[in-house]
Amino acid sequence: MEKGLVLRRNAFGIDSDQVWTACRQVAELCNLLGVHYLQQENFDLAFDLLKKAEILSDRHESGKAATYNNLACYYRRMGMLRAALSYLEKALRLESKAESLESPADTHLNICAILSQLGKHAAALEHAQSALILLQEELFQFALTSANGPKDEERSKKMQDRIAVLAIAYHNMGVEQEFLKRYEAALVSYRKSVEFAETHLGATHGITTNLKGSLSAAQKQMKTMLAKQNQRKQKVIDRKEQKTGKLMSSSLNFGSAAGSGFSMSKDSRIMGLMTPRAELENEQLPSLSDREVSSSAQGLATVESEPVST
């Protein structure tokens with residue numbers, strides 16, 4: 001195909017539609033092969049192919065966004081998280097401004113995963129929430145068009161795939177909320193992820209099983225954290241009562257010596273709860289192929305992400 005590209009360039013000129021159509025086709029092939037070799041851990045060849053795809057997709061925004069996502073996956077596999085984040089942000093800018101491109105929800109979730117690894121959990125949570133909003137809008141449009149048109153098996157499968165990604169979005173929200181010590185909110189998010197997965201994927205699906213595991217682990221950890229939290233709260237109350245008793249004793253003695261009464265104000269209530277930081281378990285979700293429900297959704301979990309193809 002590269003030889004054909006050279007021939008078209010010589011025949012039609014570098015700026016011709018024929019040449020850029022050929023560039024798009026070669027870029028798609030490079031992306032597919034790059035993803036394949038990345039999964040095979042042939043990192044040098046994968047990188048060469050993806051960089052070639054980046055050059056060839058210069059005038060094809062959809063291909064460029066996909067290439068940026070794949071390069072981000074490469075850099076993440078190599079442990080270069082900031083380089084991965086840079087490429088994901090480039091992809092997000094393209095997807096956000098071009099209505100013709102697919103929803104940027106998946107890119108938001110991949111950014112969430114990278115930020116979580118970098119310890120930026122508040123920012124990661126924002127991206128998970130953005131993905132959730134986009135997915136809800138996307139599924140609402142799916143529902144509207146499905147209600148007004150004939151049933152399409154391929155369309156139904158795509159809707160199921162997007163619902164699986166929605167379940168992952170709730171899961172990622174739960175992970176970040178747990179890191180941020182918002183334990184009750186985290187449990188709500190984990191429960192919603194399981195509800196969506198069980199309803200639309202089935203109770204025995206691989207994604208559902210992993211999400212159930214996250215919920216179960218969070219519930220156990222919540223029980224432990226609440227017990228510790230209550231102990232710390234009680235210690236604070238005890239110290240407050242001891243301090244108040246000493247102040248009361250001092251004020252009464254002062255009033256008696258001065259020959260006048262001394263009025264004490266009521267104790268102020270202790271507000272807020274002490275929430276110690278959780279040691280979150282590093283759940284390893286199975287990596288599955290991109291175009292099936294199990295890979296396009298599972299790969300977006302905060303723990304791991306898979307490459308996307310054009």
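Residues numbered from 1 in each chain as written. Predicted model: local features only at pLDDT ≥ 70, side-chain atom pairs only at ≥ 80, totals over all residues. Heavy atoms only, no water.

Caption draft 1: Expanded view of the nonpolar core. Tyr87, Ile111, Ile114, Leu132, Leu135 and Leu166 are the most contacted members of the largest nonpolar core, which totals 38 residues. Looking at this core, the elements that each hand over two or more residues are helix H3 (43-56), helix H4 (61-77), helix H5 (81-97), helix H6 (105-117), helix H7 (121-147) and helix H8 (153-179). Not counting chain neighbours up to four residues away, the residues in contact with Ile114 comprise Arg76, Leu81, Ala84, Leu85 and Leu88. Counting 18 residues, the second-largest nonpolar core is a separate cluster that includes Val175, Phe179, Tyr183 and Val194. (Core = buried A, V, L, I, M, F, W, Y, C linked by side-chain atoms within 4.5 Å. Buried < 20%, exposed > 50% of the residue type's maximum accessible area, 1.4 Å probe, protein only. Helix = DSSP H or I, 4+ residues; strand = E, 2+ residues; numbered from the N terminus. Contact = heavy atoms within 4.5 Å.)

Caption draft 2: Geometry of the pattern of salt bridges. Tallied over the full model, the rule gives seven salt bridges. One salt bridge in this structure joins Arg24 and Glu28, with 3.2 Å as the shortest N-O distance. With a gap of four residues between them, Arg24 and Glu28 both fall in helix H2 (residues 17-39), about one helical turn apart. Given the relative accessible area of 27%, Arg24 is considered partly exposed. Between Lys51 and Glu54 there is a salt bridge, and its shortest N-O distance comes to 2.8 Å. In this pair, Lys51 and Glu54 both sit in helix H3, three residues apart, roughly one turn of the helix. By relative accessible area, Lys51 is classed as partly exposed at 27%. Judged by relative accessible area, which is 16%, Glu54 ranks as buried. (Salt bridge = Lys/Arg side-chain N within 4 Å of Asp/Glu carboxyl O.)

Caption draft 3: Spatial organisation of the packing of aromatic side chains. Summed over all chains, the structure comprises six aromatic pairs. Ring centres 5.2 Å apart and planes at 70 degrees place the aromatic pair Tyr74 and Tyr75 in the edge-to-face group. Overall, Tyr75 belongs to the buried group, its relative accessible area being 11%. Members of the aromatic cluster, each reached through a chain of ring pairs, are Phe47, Tyr68, Tyr74, Tyr75 and Tyr87. Cation over ring: Lys90 sits above Tyr68, and NZ or CZ is 5.7 Å from the ring centre. (Phe/Tyr/Trp six-rings, centres within 6.5 Å; stacked < 30°, edge-to-face > 60°. Lys NZ or Arg CZ within 6 Å of the ring centre and 35° of its normal.)

Caption draft 4: Seen up close, a positive patch on the surface. Side chains of Lys181, Lys228, Arg232, Lys235 and Arg239 sit close together on the surface and give a patch of like positive charge. Within the secondary structure, Lys181 is located in the loop between H8 and helix H9 (183-200). (Patch = residues over 30% accessible without salt bridge, like charges linked within 9 Å, V, L, I, M, F, W, Y side chains within 5 Å. Areas by Shrake-Rupley, 256 points an atom, 1.4 Å probe, with all protein chains shown as cover. Lys, Arg positive; Asp, Glu negative; His and termini not counted. Charge placed at Lys NZ, Arg CZ, Asp CG, Glu CD.)

Caption draft 5: Expanded view of H5. With 17 residues, H5 extends 25 Å from end C-alpha to end C-alpha; this agrees with the ideal 24 Å at 1.5 Å per step. Among all positions of H5, only Leu81, Ala84, Leu85, Tyr87, Leu88, Ala91, Leu92, Leu94 and Glu95 are buried. (Expected span 1.5 Å × (residues − 1).)

Caption draft 6: Expanded view of the environment of Ala218. Structurally, Ala218 can be placed in helix H10 (residues 206-258). Accessibility expressed as a relative area gives 5% for Ala218, which makes it buried. It is 9.0 Å that separates the C-alpha atoms of Ala218 and Val175, two residues lying 43 residues apart in sequence. Setting aside residues up to four positions removed in sequence, Ala218 forms contacts with Glu178, Leu187 and Tyr190.

Caption draft 7: Region of the structure containing the side chain of Ser189. Assignment of secondary structure puts Ser189 in helix H9. Look at Ser189 and you get buried, because its relative accessible area is 5%.

Caption draft 8: Representation of the confidence of the model for the chain. Across the chain, pLDDT averages 76, with 69% of residues at or above 70. This model gives residues 4-13 a pLDDT under 50, and the stretch forms twelve contacts once residues within four places in sequence are excluded. Every residue in residues 282-296 is under pLDDT 50, and counting partners more than four places away or in other chains gives 39 contacts. (pLDDT = per-residue confidence, 0-100.)

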